[in-house]
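Structural description and commentary
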Amino acid sequence: QVQLVESGGGLVQAGGSLRLSCAVSGRTFSSYTMSWFRQAPGKEREFVAGISWSGFSTYYADSVKGRFTISRDNAKNTVYLQMNSLKPEDTAVYYCAGNPNLNDGDHATDSADFDSWGQGTQVTVSS
């Protein structure tokens, strides 16, 4: 079992940028498909971005495409989410999640597809 710890959240003005990090313990990180989800108050958790275990495949929710970039550094056991051109509607708690059993080409976007989760980090975008 791995442990996931997010960091990098905070308060930013609309149009600004933040970079979230998710540090993953365990020696099998390189086999994990990783994703970011978010949950705003009163709303369901939603998929934001995903990256395959190899890093060759990335995929995004339409709402963040062109503004957010997911990446990973398998040597550092860390996955990142670079968020640019932030909007107030991006305000949410952001969670990283992982699954070691997906194929490199799988584009999993359902939270039920992931069995390892971090505790979340708050991102607040002011208008």
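First, a word on scope: everything that follows refers to the structure included in this document. (Residues numbered from 1 in each chain as written. Predicted model: local features only at pLDDT ≥ 70, side-chain atom pairs only at ≥ 80, totals over all residues. Heavy atoms only, no water.)

Of the regular secondary structure elements, the chain holds 0 helices and 11 strands. Going from the N terminus to the C terminus, the chain shows its helices and strands as β-β-β-β-β-β-β-β-β-β-β. Relative to the compact-globule value of 14 Å for 127 residues, the chain shows a C-alpha radius of gyration of 13 Å, a close match. Seen along its three principal axes, the alpha-carbon backbone of the chain occupies a region of about 40 × 25 × 25 Å. Classification of the 127 residues of the chain by burial places 46% in the buried group. (Helix = DSSP H or I, 4+ residues; strand = E, 2+ residues; numbered from the N terminus. Rg over C-alpha atoms; globule rule 2.2 N^0.38 Å. Buried < 20%, exposed > 50% of the residue type's maximum accessible area, 1.4 Å probe, protein only.)

So, about the sheet that holds strand β3 (residues 18–24). Read across the sheet, 4 strands follow the order β1-β3-β8-β7 without closing on themselves; strand pairing throughout is antiparallel. The open sheet has two edge strands, β1 (4–7) and β7 (68–73), and neither has a second partner. Looking at each pair of strands side by side, their axes are set apart by 15° on average, direction ignored. Pairing between β1 and β3: 4 bridges, direction antiparallel. Pairing of Glu6 across the sheet is with Cys22, part of β3. (Pairing = 2+ DSSP bridges. Axes fitted to C-alpha atoms, helices over the stretch in contact; angles between N-to-C directions.)

This part covers the side chain of Thr33. By the secondary structure assignment, Thr33 is in strand β4 (residues 33–39). Sequence-distant contacts of Thr33, defined by excluding residues within four places in its chain, comprise Ile51, Ser52, Trp53, Tyr59, Arg72, Ala97, Gly98, Asn99, Leu102, Asn103 and Phe114. (Contact = heavy atoms within 4.5 Å.)

Here we take up the nonpolar core. In this structure, Met34, Trp36, Leu81, Met83 and Tyr94 are the most contacted members of the largest nonpolar core, which totals 36 residues. Broken down by secondary-structure element, the contributors of at least two residues to this core are β3, β4, β5 (46–51), β6 (58–60), β7, β8 (78–83), β9 (92–99) and β11 (121–126). Those residues within four positions of Met83 in sequence are excluded, and the remaining contacts are Gly16, Ser17, Leu18, Leu20, Arg67, Phe68, Tyr94 and Val123. (Core = buried A, V, L, I, M, F, W, Y, C linked by side-chain atoms within 4.5 Å.)

Evaluated as defined, the whole model comprises 5 aromatic pairs. Ring geometry for Phe47 and Tyr59: centres 5.4 Å apart, planes at 15°, overall stacked. Note that Phe47 is positioned in strand β5 and Tyr59 in strand β6, a separation of 12 residues in sequence. In this structure Phe47 comes out as buried when scored by relative accessible area, which is 11%. One aromatic cluster is present, formed by Phe37, Phe47, Tyr59, Tyr95, Phe114 and Trp117 through successive ring pairs. Positioned above the aromatic ring of Tyr95, the side-chain terminus of Arg45 is 3.9 Å from the ring centre. Over the ring of Phe29 we find Arg72, and its NZ or CZ is 4.5 Å from the ring centre. (Phe/Tyr/Trp six-rings, centres within 6.5 Å; stacked < 30°, edge-to-face > 60°. Lys NZ or Arg CZ within 6 Å of the ring centre and 35° of its normal.)

None of the figures reported here should be taken as evidence of function without further support.
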